[in-house]
Every structure is written in C-alpha cells, then in structure tokens.
Amino acid sequence: MPGRLAGKKALITGGAQGLGAAIATHFVDEGASVFITDLNGDGARWQAEAINGTHPNMAQHAQQDVRSEARWKEVVQEAHDAMGGLNVLVNNAGIGTMGTVEAESFENWKLVQEVDVDSVFLGCKYALPLMKPHGRGSIINISSIAGLIASGYYPSYNAAKAAVWLLSKSVALHCAKVAPLIRCNSIHRSFIETPILDGMVALAGSQDAAYAKLGRQIPLGHIGEPSDVAWAAVYLASDESKFVTGSELKVDGGISAQ
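Residues numbered from 1 in each chain as written. Predicted model: local features only at pLDDT ≥ 70, side-chain atom pairs only at ≥ 80, totals over all residues. Heavy atoms only, no water.

In this model helix α2 (residues 41–54) runs 21 Å from its N-terminal to its C-terminal C-alpha over 14 residues, within 8% of the 20 Å that 1.5 Å per residue would give. Within α2 the residues assigned to the buried category are Gly41, Gly43, Ala44, Gln47, Ala48 and Ile51. Buried residues of α2, viewed axially, fall in a sector of 165 degrees; they line one side. Exposed residues lying more than 90 degrees from the buried face of α2 are Asp42, Trp46 and Gly53. Looking at the buried residues of α2, the elements they touch are α1 (18–29), β2 (33–38) and β3 (59–63). (Helix = DSSP H or I, 4+ residues; strand = E, 2+ residues; numbered from the N terminus. Expected span 1.5 Å × (residues − 1). Buried < 20%, exposed > 50% of the residue type's maximum accessible area, 1.4 Å probe, protein only. Arc of directions from axis to C-beta. Contact = heavy atoms within 4.5 Å.)

Below, the structure is given as structure tokens:
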C-alpha cells in the first residue's frame with residue numbers, strides 16, 4: 001500500500017536533528033522524498049544517509065544558512081532539481097534565547113528574528129514559484145505555543161513565533177487567490193524532547209529535573225516527543241488536509257486550553 005505522502009517531494013530546513021529529523025523520517029516512512037538542509041551540513045548529510053539506509057535514494061541534503069536570501073534562492077532550486085519537483089516546504093529551522101526584555105541583548109533579538117522569522121518569509125517567497133506547477137502543495141511553518149502564549153523570559157522567541165503564526169495566515173490567503181491548490185499552516189508545539197531545551201536542562205541541573213518541571217506545566221503531565229509534531233506535519237503535508245489552510249495546529253498537551 002502506498003504511504004500517506006506517496007509522491008510528495010519535501011524540502012525540510014533544520015533537518016539534522018530534533019523535530020526536523022523526526023519530520024524527515026516520518027515523511028519518508030509515508031512515501032515522500034525529502035531534501036534536508038541545515039546550518040550543520042555534516043549533520044544534514046548524516047541524517048540523509050541514515051534515512052537512505054532503510055529507504056534508499058529517498059533523502060538528499062545540503063548545507064544552508066536560512067538567514068541568507070542568496071542561499072534560499074539556490075536551495076529551493078537544488079531541491080526541485082534533485083527530487084524532480086517540489087510540493088511541500090517545512091520551515092522548521094529555529095533557535096530560542098532566554099532573558100527578560102531588560103536582560104536580552106539586541107544582538108540575540110536580531111538573531112532570533114533572522115533565524116525564526118526571516119527564514120520563513122524567504123522560504124515561502126522562493127519556494128512558492130517552484131511549487132505552483134506541481135499540483136497540490138503544502139507549506140508547514142513550525143511555530144510554537146510561545147507564539148500564542150507569552151512569557152516574561154522569552155521576548156525574542158515570543159515575538160518571532162507570533163510573527164510566524166500570522167505570516168502563515170497571510171501566505172495562506174495569498175495562495176488561496178493565486179495558487180489555491182497550495183495551502184499554508186502553522187504548527188504550535190509546547191515543550192518537546194529536542195536540543196532546544198538544552199538551556200533549561202542546564203539551569204535545572206539534569207534532564208530528568210528539567211523535563212519533570214516542564215511537564216508539570218502541561219495538563220497531560222509530561223512533555224512531548226518529536227514524533228508528536230512529526231505526525232502533525234504528516235497530516236498537513238498529506239492530501240487528507242486539502243481543505244485546511246491558514247490554521248494553527250496546536251500540539252501542546254493542552255497547555256493553551258488553560
């Protein structure tokens with residue numbers, strides 16, 4: 001039986017580890033071809049090779065600094081040419097910093113906006129023209145519950161992820177007019193077991209202590225796994241969600257319901 005994503009061709013940023021790696025693996029398991037990029041080019045290559053070990057020739061890779069407009073222009077074309085088309089874009093690359101509005105540096109603020117927001121704008125801008133000729137398509141922007149619920153300790157991250165939320169809606173409305181077969185949605189995850197929690201682990205003194213503390217903030221009582229977000233991305237990339245656009249899919253253990 002073909003997978004849920006049979007025939008899909010997906011470009012996934014930040015795919016060397018964490019959510020990006022999980023999304024790439026789930027996509028290929030469901031029949032998609034993937035083109036993985038990451039600032040860590042060796043990590044992207046390793047992840048593609050690991051996938052190809054069980055699914056030969058289904059994953060390719062490239063090094064990419066998502067802050068670079070010039071590199072975005074190159075990467076979308078490389079992905080398109082390598083896979084013979086492009087109909088799914090997952091803007092996953094992202095970073096986060098901690099610090100109140102008084103403690104946060106302007107340098108960190110600008111870096112978070114460049115990586116988390118500018119990259120999404122550039123990805124959508126330059127991938128869309130190549131996606132239009134390939135039928136049904138999906139843009140999936142990985143935001144965060146921090147884009148919907150504020151914290152006094154994450155001003156840069158809150159602002160960036162909120163921008164991704166509304167940018168996704170703007171892109172969805174644009175696509176509905178000029179390319180109605182292409183949809184755009186955002187995923188808003190809460191705490192997930194990925195390297196982005198490393199700073200919190202360091203503050204707590206151990207992974208177990210950090211994860212337990214974070215889990216107490218979530219109604220389901222524990223933090224999430226990368227596969228929780230990856231399955232949400234599979235749904236949004238598939239034609240099962242062909243009537244879903246401009247939406248925010250929360251994968252947060254109920255934290256936003258409080």
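Where helix α3 (residues 69–83) contacts helix α4 (residues 106–131), the axes come no closer than 9 Å and their chain directions differ by 40 degrees. The pairing of α3 with α4 is recorded here as oblique in orientation. By crossing handedness, the relation of α3 to α4 is classed as right-handed. On α4, the residues touching Glu69, Trp72, Lys73, Val76, Gln77 and His80 of α3 are Ser119, Leu122, Gly123, Tyr126, Ala127 and Leu130. (Axes fitted to C-alpha atoms, helices over the stretch in contact; angles between N-to-C directions. Parallel < 35°, antiparallel > 145°, perpendicular 65-115°, else oblique. Left-handed = near helix turned anticlockwise from the far one by under 90°.)

Our focus in this paragraph is the packing of α1 against helix α8 (residues 226–237). For the pair α1 and α8, interaxial distance at closest approach is 8 Å and the crossing angle is 50 degrees. Between α1 and α8, the angle is such that the two are oblique. Seen from above, α1 lies across α8 with right-handed handedness. Here Gly18, Leu19, Ala22, Ile23, His26 and Phe27 of α1 lie close against α8, whose contacting residues are Pro226, Ser227, Val229, Ala230, Trp231, Ala233, Val234 and Ala237.

Compared with an ideal rise of 1.5 Å per residue, which puts 26 residues at 38 Å, α4 spans 36 Å between its outermost C-alpha atoms and is within 8% of the ideal. Of all the bends in α4, the greatest, near 35 degrees, is centred on Glu114. (Bend = angle between axes of the 7 residues up to and from the residue.)

Moving on to the side chain of Asn158. Structurally, Asn158 can be placed in helix α5 (residues 155–178). A polar atom in the side chain of Asn158 sits 3.0 Å from the backbone nitrogen of Ser151. Those residues in contact with Asn158 that sit more than four places away from it in its chain are Ala146, Gly147, Ile149, Ala150 and Ser151. (Polar contact = N/O pair within 3.5 Å; in protein donor to acceptor, adjacent residues only side chain to side chain.)

Note that Gly31 resides in the loop between α1 and β2. Among the residues examined, Gly31 registers a relative accessible area of 26% and is labelled partly exposed. For the pair formed by Gly31 and Arg4, sequence separation is 27 residues and the distance between their alpha carbons is 6.8 Å. Contacts of Gly31, omitting those with residues within four sequence positions, involve Leu5, Ala6, Gly7 and Met58.

Further remarks concern the pairing of strand β4 (residues 88–91). Neither face of β4 is exposed, since Val88 and Val90 on one face and Leu89 and Asn91 on the opposite face are all buried. Relative to β4, strand β1 (residues 9–12) runs parallel, the two sharing 3 bridges. The residue of β4 that forms the bridge with Ile12 is Val90. As paired strands, β4 and strand β5 (residues 137–142) are joined by 4 bridges and run parallel to one another. (Pairing = 2+ DSSP bridges.)

Moving on, we get to the pairing of β2. Counting buried residues along β2, 6 of its 6 residues qualify, which places the element largely inside the surrounding structure. In β2, alternate side chains face the same way, and those of Ser33, Phe35 and Thr37 on one face and Val34, Ile36 and Asp38 on the other are all buried. Direction of pairing for β1 relative to β2: parallel, over a ladder of 4 bridges. Considered in β2, the bridge of Ala10 is made with Val34. Running through α1, the crossover from β1 to the neighbouring parallel element β2 is right-handed. (Right-handed = clockwise from strand over helix to strand, strands pointing away.)

What follows is about the packing of aromatic side chains. We describe a pair of aromatic rings using the distance from one ring centre to the other and the angle between the two ring planes. In the structure shown here, the tally under the stated rule is 0 aromatic pairs. Over the aromatic face of Tyr126 sits the side chain of Lys125, whose NZ or CZ is 5.7 Å from the ring centroid. (Phe/Tyr/Trp six-rings, centres within 6.5 Å; stacked < 30°, edge-to-face > 60°. Lys NZ or Arg CZ within 6 Å of the ring centre and 35° of its normal.)

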